[in-house]
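Structural description and commentary
One-letter residues, chain by chain:
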Amino acid sequence: MATTPRTDDQTLAVDISPAGVMTITLNRPDKLNAVNDALSYALIDALKTARKDPAVRAILLTGAGRGFCAGQDLESRSIGAEKGEIPHLGQSIRNRYMPIITLLRTIEKPVVGAVNGVAAGAGASMAFACDVRIAAESASFIQAFIKVGLIPDSGACFMLPRLVGLGRAMELMMSGRKVKADEALQMGLVNQVVPDDELMTTALALATDYAQGPTKAFGLLKRATNRAMDCDLETYLAYEADVQEIAGRTADFAEGVAAFVQKRPANFTGA
Ligand code: LHQ
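Residues numbered from 1 in each chain as written. Predicted model: local features only at pLDDT ≥ 70, side-chain atom pairs only at ≥ 80, totals over all residues. Heavy atoms only, no water.

Topic: the packing of helix H4 (residues 156-164) against helix H5 (residues 166-175)
It is the contact of H4 with H5, at a shortest axis distance of 7 Å, that shows an interaxial angle of 130°. Relative to H5, H4 is oriented oblique. In this structure, H4 meets H5 at a crossing whose hand is right-handed. The segment H4 lies against H5, with Ala156, Cys157, Leu160, Pro161 and Val164 engaging Leu166, Arg168, Ala169, Leu172 and Met173. (Axes fitted to C-alpha atoms, helices over the stretch in contact; angles between N-to-C directions. Helix = DSSP H or I, 4+ residues; strand = E, 2+ residues; numbered from the N terminus. Parallel < 35°, antiparallel > 145°, perpendicular 65-115°, else oblique. Left-handed = near helix turned anticlockwise from the far one by under 90°. Contact = heavy atoms within 4.5 Å.)

Now the structure itself:
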């Protein structure tokens, strides 16, 4: 991964609840949280902190204002699209979006996306990279890339067909049309749609539930599922046995079994 400069600007708001939920709020509301350099590096830093801090046991990603994230900031100089410059989008993706998507998919803690408004381009890709998505009724998804002559990036060509099937994904990526929350729910692109004013309480309650769960098992199931996406059954089953071996050695497995036998709720500590 690229080395990420630290930033002290206000493009991101980060809060950690007593229950261990790190809420990360993309915070450029006037630009529908379009991703400029500062925002991308702040997000990478926050996700790295979430990965290594044992006090963080779940992550909630959302946007400030009426948008979730409008994707790459098309006005940013860093993409070099100005007249006479040669854009180096590959470099921009490697430095900024690759780490973000990789972290969202590989941090061994549950990641909930609270999609509060439009999620376009790489903004939609970030939502797709979350483990589960709760959408507000006014949320929408736009594969905006094709409208500016690009391929869907930040993992969209990888994740979208896996979420909704190849045929639907191709149609969405080639049309660039807006998918509203109810259609997103119907096609399995989001897990739940709630009234706008209930989004954060619903998403935070879910993330809090996860934060009180067996954190290592959540992490290991992400590891196993990621592996299952790119290998045959035989290979996967062997991998699964190794991963379950690890899960079986956690304190939370012992606690889960003890709680079952003693007919009481489990008190998972994440250990
Ligand atoms: C924006 C943006 C934006 C800057 C709204 N940038 N200002 C690409 C290149 C390089 C490397 C890596 O990856 C990528 C991947 C990508 O993400 S490519 C796709 C980039 N995103 C888009 O093409 C979406 C562009 N935005 C839109 O189409 C619309 O804004 C949507 C449909 C999202 C929302 O429309 P409205 O609700 O009508 O809002 P709006 O258009 O009026 O936007 C509000 C403000 O946000 C406005 O600023 P202003 O100062 O005029 O009020 C927009 O300019 C700004 N904004 N998206 N991506």
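Here the narrative resumes.
A closer look at the side chain of threonine 215
Its place among the elements puts threonine 215 in helix H8 (residues 215-228). Overall, the relative accessible area of 7% leaves threonine 215 in the buried class. Beyond its immediate chain neighbours, meaning those up to four positions away, threonine 215 contacts Arg57, Glu108, Lys109, Asp252 and Gly270. (Buried < 20%, exposed > 50% of the residue type's maximum accessible area, 1.4 Å probe, protein only.)

Observations regarding the site of the ligand
In the vicinity of the ligand there are 23 residues, among which Lys31, Ala70, Gln72, Leu74 and Asp153 approach most closely. A distance of 2.9 Å is found between a nitrogen atom of the ligand and a backbone nitrogen or oxygen belonging to leucine 74. Its free accessible area being 1,000 Å², the ligand has 68% of it covered by the protein chains. In a pocket analysis with a 2 Å cut-off to the grid points, the ligand is assigned to the largest pocket. In terms of residues, the shell around the ligand owes the most to one element, helix H2 (residues 89-106), which gives four residues. (Near = heavy atom within 4 Å. Polar contact = N/O pair within 3.5 Å; in protein donor to acceptor, adjacent residues only side chain to side chain. Areas by Shrake-Rupley, 256 points an atom, 1.4 Å probe, with all protein chains shown as cover. 1 Å grid on protein atoms, 1.4 Å probe; cavity = no way out; pocket = protein on both sides within 12 Å on 5 of 7 lines; lining within 4 Å. Sits in = over half its atoms within 2 Å of the grid points.)

Re a nonpolar patch on the surface
A contiguous nonpolar patch, built from Phe253, Val257, Phe260 and Val261 and spanning about 450 Å² of accessible area, is present on the exposed surface. Along the chain, valine 261 falls in helix H10 (residues 251-261). (Patch = residues over 30% accessible without salt bridge, like charges linked within 9 Å, V, L, I, M, F, W, Y side chains within 5 Å. Salt bridge = Lys/Arg side-chain N within 4 Å of Asp/Glu carboxyl O.)

So, the pattern of salt bridges
This structure, assessed with the given rule, holds 11 salt bridges. When the shortest N-O distance is used, the salt bridge between arginine 96 and aspartate 37 registers 3.5 Å. In this pair, arginine 96 sits in helix H2 while aspartate 37 sits in helix H1 (residues 37-52), placing the two residues 59 residues apart along the sequence. Arginine 96 sits in the buried class, given a relative accessible area of 2%. Here the salt bridges do not stand alone but share partners, grouping Arg105, Asp131 and Lys222 into one network.

Regarding empty space enclosed by the protein
In total, this model carries one cavity of 30 Å³ or more according to the counting rule given. Empty space within the largest cavity amounts to approximately 40 Å³. Together, Phe128, Phe141, Ile142, Gln143, Leu160, Leu172, Arg177, Val179 and Leu189 line the largest cavity. Considered class by class, the residues forming the lining of the largest cavity number seven nonpolar, one polar and one charged. (Points joined across faces, edges and corners; volume = space filled by probe spheres on them. Nonpolar A, V, L, I, M, F, W, Y, C, P; charged D, E, K, R; others polar.)

Description of the layout of surface pockets
When its volume is computed, the largest pocket comes out at roughly 490 Å³. Lining the largest pocket are 25 residues, and of these Gly71, Gln72, Asp73, Leu74 and Val148 sit closest to its centre. At four residues, the largest contribution of residues to the lining of the largest pocket is made by H2. Residues of the lining of the largest pocket, tallied by class, amount to 16 nonpolar, five polar and four charged.

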